[in-house]
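Chain by chain, the residues run as shown.
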Amino acid sequence: MTDKPDGAPNRPLRRGWTTGACATAAATAAYTALLTGDFPDPVTIRLPGGETPAFALAWESKGGAECSAGVVKDAGDDPDVTHGALIIATVRRGEAGSGVTFRAGEGVGMVTKEGLPIPPGEPAINPVPRRMMAEAVAGLAAQFGDAGDVVIEVSVPGGAEIAQKTWNPRLGIVGGLSILGTTGIVVPFSCSAWIHSIHRGIDVARANGFDHVAGSTGSTSEQAVQRIHGLSELALLDMGDFAGGMLKYLRRNPVPRVTIAGGFGKLTKLAQGFLDLHSGRSQVDFTWLSDRLAELGAPAELVEEAKGANTANQVLTRAVAAGVPLADLVAARARAVALGVLDDCGTDVEVLVFDRKGGLEGRAGFEGGGARVLILGGTSDAAALARGLSGVGVITSLAGRTKAPAALPGEVRVGGFGGTEGLTAYLEERGITAVVDATHPFAATISRHAEAACRLRPTPRLMLARLAWDKQPGDRWIEVDDMAAAVAAIPAGARVFLTVGRQELAAFANRTDAWMLARVIDLPEQPVAGVTLVTGRGPFDLEAERALLVEHGITVVVAKNSGGTASYPKLAAARELNIPVIMVRRPALPPGEVVGTVEDALDWLKRR
Ligand code: NAP
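Residues numbered from 1 in each chain as written. Predicted model: local features only at pLDDT ≥ 70, side-chain atom pairs only at ≥ 80, totals over all residues. Heavy atoms only, no water.

Asks: Tell me about empty space enclosed by the protein, and name the residues and values.
Replies: For the coordinates displayed, the defined rule picks out three cavities of 30 Å³ or more. Here the largest cavity is characterised by a volume of approximately 50 Å³. (1 Å grid on protein atoms, 1.4 Å probe; cavity = no way out; pocket = protein on both sides within 12 Å on 5 of 7 lines; lining within 4 Å. Points joined across faces, edges and corners; volume = space filled by probe spheres on them.)

As structure tokens, this is what we get:
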């Protein structure tokens, strides 16, 4: 390609060499010196396409058992942070039969994440440069009758600092640069290196199980996206101008959700159908913008003025002042273009339009609003809430206490998060936009963790806790603060009906001076000595509860003040039969907004 991005007149641009080609030249010179005692300078290598360029050496060093050579990277006219870097290869003998092995020296990174062409734990020297170096070694070994078992250590002095300006930290490549290149040649302004990095970013996001990535046109948009979604660093793609490069790769390698974020001008071009948003390769069409204003019913003078505007932002400023949602329409059109490229591959798109300061001007959300609500469940209210949302954008989390939980719409995950820290990380990884803590009022630990996690990774949180039961006339309640007090309150010789959950039974079993009947959802793995078990899952009915209390000659009921209707009939039956109830009060809720009904929780979510 010979076009300059700013559209200036063409001139042939100088090609350059990749870090992989430079490392191959350096390794060839160093291995030759190890075999012959002399460094070839210039040193000639063969590129994958068959070309045989020569490189001047900028560094030579000969030790007893190893030789080093270095080449200064000339990236040609490609704007590249590694231009001018010294690429050094040190070659020393390896163990017999080891073949060629690679080490990362100073300034060359190590791979730490899945998803790259090189597995974690290996130096970030890509497959093609490895092959080029191995082939150079094989050729020389054959020529000089050597076994060719060598260790090649590639280093780039200052590479660790340079790497901070590359995608490496984001791709999980730590400590330095990557040795890259598939052809050995840097084609000026081909932009292929950039697009390549977007692709690797998608690979890494997929390999790490992310279901939401964000491609931004620049750093302002990226920071703004982070304020909204708080994604992992590994889920951020430096899309730059290459919307097409990102979307076409996602079509073949889908991630469930992608946010495209950018300024109004760039995203107007996407909305017009351009996939390359560079100013040299696509232009804002002011007639198109004017037509959109007309479509939105903007005042005639605004529609007219837009046709002659200088910049897209000028049009936007006027539209905002007139209260015309132009940026929302542009976002919607851009989303439609992106979805067209993705071609039903399973990736949904959100488009966010920001102003120059990162303020959100327009938005076209994911299907279903893009909200990702985490319901902390394990209760019938939590299940009703997931159903109320039809499972769209909903993840219900269960502790895993119940063997066969009721089927739920939406995604269901099971098991602890690993404390506050684990839950905070989960909110981050899954891009959770709101948490509803609908756990049982007695599940105090998870509620505490949810409060802390939503504070640490600022996430709106609501507690859904049904109202506690109130003592009614005729009730004989003995209210206690915790299970230990409930155990202590049982009169000697009592026949007790326990409805406190499987986890709590052991403490009651110690009261060998009373007879215990416990109702549980699932039988415990081991029988609990001294406790007779019945299974049952609410809702219960009054008649059956009355019959159960009478049949077993129950003289005292122990219950948690759970609230709700499903398990209330036992209390009504106890009242009728004049049986005392040892009622365990609820632990205090953590601070935060509380609603008592599923309807109110649905309302709260709708308002967000
Ligand atoms: P808890 O004491 O508050 O929590 C203990 C640990 O279990 C938590 O630290 C957490 O592990 C994990 N956990 C609890 N709820 C979870 C959820 N919804 N999703 C993922 N992990 C969860 O809870 P619990 O009293 O044992 O109750 C466990 C579950 O049973 C709750 O979901 C609750 O809604 C349900 N439930 C409880 C009762 C009751 O009387 N306690 C009655 C009916 C239903 P990590 O720290 O590893 O994240």
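Asks: Give me the sheet that holds strand β27 (residues 581-584): which residues, what numbers.
Replies: The parallel open sheet is built from six strands, whose spatial order is β22-β27-β26-β23-β24-β25. A strand with exactly one partner marks an edge of an open sheet, and here the two such strands are β22 (477-480) and β25 (531-535). Each neighbouring strand pair of the sheet contributes to a mean axis angle of 20 degrees, computed without reference to strand direction. Note: strand β26 (residues 556-560) against β27, four bridges, orientation parallel. Note on β27: the bridge partner recorded for A559 is M583. (Pairing = 2+ DSSP bridges. Helix = DSSP H or I, 4+ residues; strand = E, 2+ residues; numbered from the N terminus. Axes fitted to C-alpha atoms, helices over the stretch in contact; angles between N-to-C directions.)

Asks: Any chance you could break down unusual backbone geometry for me, citing the residues and the numbers?
Replies: A cis geometry characterises the amide bond from D41 onward to P42, with omega recorded as 0 degrees. Looking along the chain, the bond that leaves G538 and enters P539 is cis, with omega of 0 degrees. When you line up the elements, P539 lands in the loop between β25 and α18 (542-551). Of note, the phi angle at D343 is positive, near 55 degrees, even though the residue is not glycine. Tracing the backbone through its elements, the reader meets D343 in the loop between α12 (326-342) and β15 (348-354). Overall, D343 belongs to the exposed group, its relative accessible area being 54%. (Buried < 20%, exposed > 50% of the residue type's maximum accessible area, 1.4 Å probe, protein only.)

Asks: Pulling in residues and values, what's your account of the confidence of the model for the protein chain?
Replies: Averaged over all residues, the pLDDT of the protein chain equals 90, while 94% of them reach at least 70. Note that residues 1-11 has pLDDT below 50 and, in this model, 14 contacts with residues that lie over four places away or in other chains. (pLDDT = per-residue confidence, 0-100. Contact = heavy atoms within 4.5 Å.)

Asks: I'd like a rundown of the packing of aromatic side chains, residues and numbers included.
Replies: Under the definition given, this model contains four aromatic pairs. Geometry around F366 places R257 over its ring, the cationic atom sitting 4.7 Å from the centre. (Phe/Tyr/Trp six-rings, centres within 6.5 Å; stacked < 30°, edge-to-face > 60°. Lys NZ or Arg CZ within 6 Å of the ring centre and 35° of its normal.)

Asks: Any details on the site of the ligand? Residues and values, ideally.
Replies: In the vicinity of the ligand there are 22 residues, among which G377, S397, R401, F417 and K560 approach most closely. Contact between the ligand and I446: an oxygen atom at 2.9 Å from a main-chain N or O atom of the residue. Here an oxygen atom of the ligand sits 3.5 Å away from a polar atom, N or O, in the side chain of H449. Across the complex, the protein chains shield 77% of the 800 Å² of accessible surface that the ligand would expose by itself. Contributions of two or more residues to the shell around the ligand are made by β18 (394-398) and α15 (444-456). Split by residue class, the shell around the ligand holds seven nonpolar, 12 polar and three charged. (Near = heavy atom within 4 Å. Polar contact = N/O pair within 3.5 Å; in protein donor to acceptor, adjacent residues only side chain to side chain. Areas by Shrake-Rupley, 256 points an atom, 1.4 Å probe, with all protein chains shown as cover. Nonpolar A, V, L, I, M, F, W, Y, C, P; charged D, E, K, R; others polar.)

Asks: Any details on the nonpolar core? Residues and values, ideally.
Replies: Residues M246, I260, F264, L289 and L293 are the most contacted members of the largest nonpolar core, which totals 67 residues. The greatest single-element share of this core, amounting to nine residues, is contributed by α12. Filtering out sequence-adjacent residues up to four positions away, F264 remains in contact with L289, A312, N313, L316, L326, A327, V330, V353 and F354. One finds I87, V91, V108 and L177 within the second-largest nonpolar core, a separate group that totals 41 residues. (Core = buried A, V, L, I, M, F, W, Y, C linked by side-chain atoms within 4.5 Å.)

Asks: Before we move on, can you summarise the pattern of salt bridges with the specific residues and values?
Replies: Oppositely charged side chains may form a pair once their charged atoms are brought near each other. This structure, assessed with the given rule, holds 22 salt bridges. One salt bridge connects D481 with R585, and the closest N-O pair in it is separated by 2.8 Å. Placement of the pair is D481 in the loop between β22 and α16 (483-489) and R585 in the loop between β27 and β28 (594-595), with a sequence separation of 104 residues. D481 sits in the exposed class, given a relative accessible area of 56%. Judged by relative accessible area, R585 falls into the partly exposed class, the value being 38%. (Salt bridge = Lys/Arg side-chain N within 4 Å of Asp/Glu carboxyl O.)

Asks: Before we move on, could you go through the sheet that holds strand β14 (residues 257-263) and cite the residues and values that matter?
Replies: What the five strands build is an open sheet, ordered β13-β12-β14-β15-β16; its pairing is mixed. Of all the strands in the sheet, just β13 (236-237) and β16 (360-364) have a single pairing partner and so form its edges. Relative to β14, strand β12 (residues 212-216) runs parallel, the two being bridged by five bridges. The residue bridging H212 from the neighbouring strand is R257, located in β14. Of the strands in this sheet, β14 and β15 are in contact with helix α8 (residues 264-272), which crosses β14 at around 125 degrees.

Asks: Run through helix α5 (residues 192-207), naming residues and quoting values.
Replies: The end-to-end C-alpha distance of α5, which contains 16 residues, comes to 22 Å, matching closely the 22 Å that a straight helix rising 1.5 Å per residue would cover. For α5, every residue scored as buried is listed here: S197, I198, H199, R200, G201, I202, D203, V204 and A205. As for α5, its buried residues are in contact with α4 (168-171), β12, β13 and α7 (243-252). Following α5 by one or two positions, G209 has its phi on the positive side, about 75 degrees. (Expected span 1.5 Å × (residues − 1).)

Asks: Mind laying out the packing of helix α9 (residues 286-295) against helix α11 (residues 312-321), listing which residues take part and the relevant values?
Replies: The description of two helices packed together rests on the angle between their axes and the distance between the axes. Interaxial distance between α9 and α11 falls to 11 Å at its minimum, and their mutual angle equals 15 degrees. It follows that α9 is roughly parallel to α11 by the angle criterion. As for how α9 packs across α11, the hand of that crossing is right-handed. Residues F286, L289 and L293 of α9 form the contact with α11, whose participating residues are A312, V315 and A319. Of the residues that constitute the contact of α9 with α11, the class distribution is six nonpolar, no polar and no charged. (Parallel < 35°, antiparallel > 145°, perpendicular 65-115°, else oblique. Left-handed = near helix turned anticlockwise from the far one by under 90°.)

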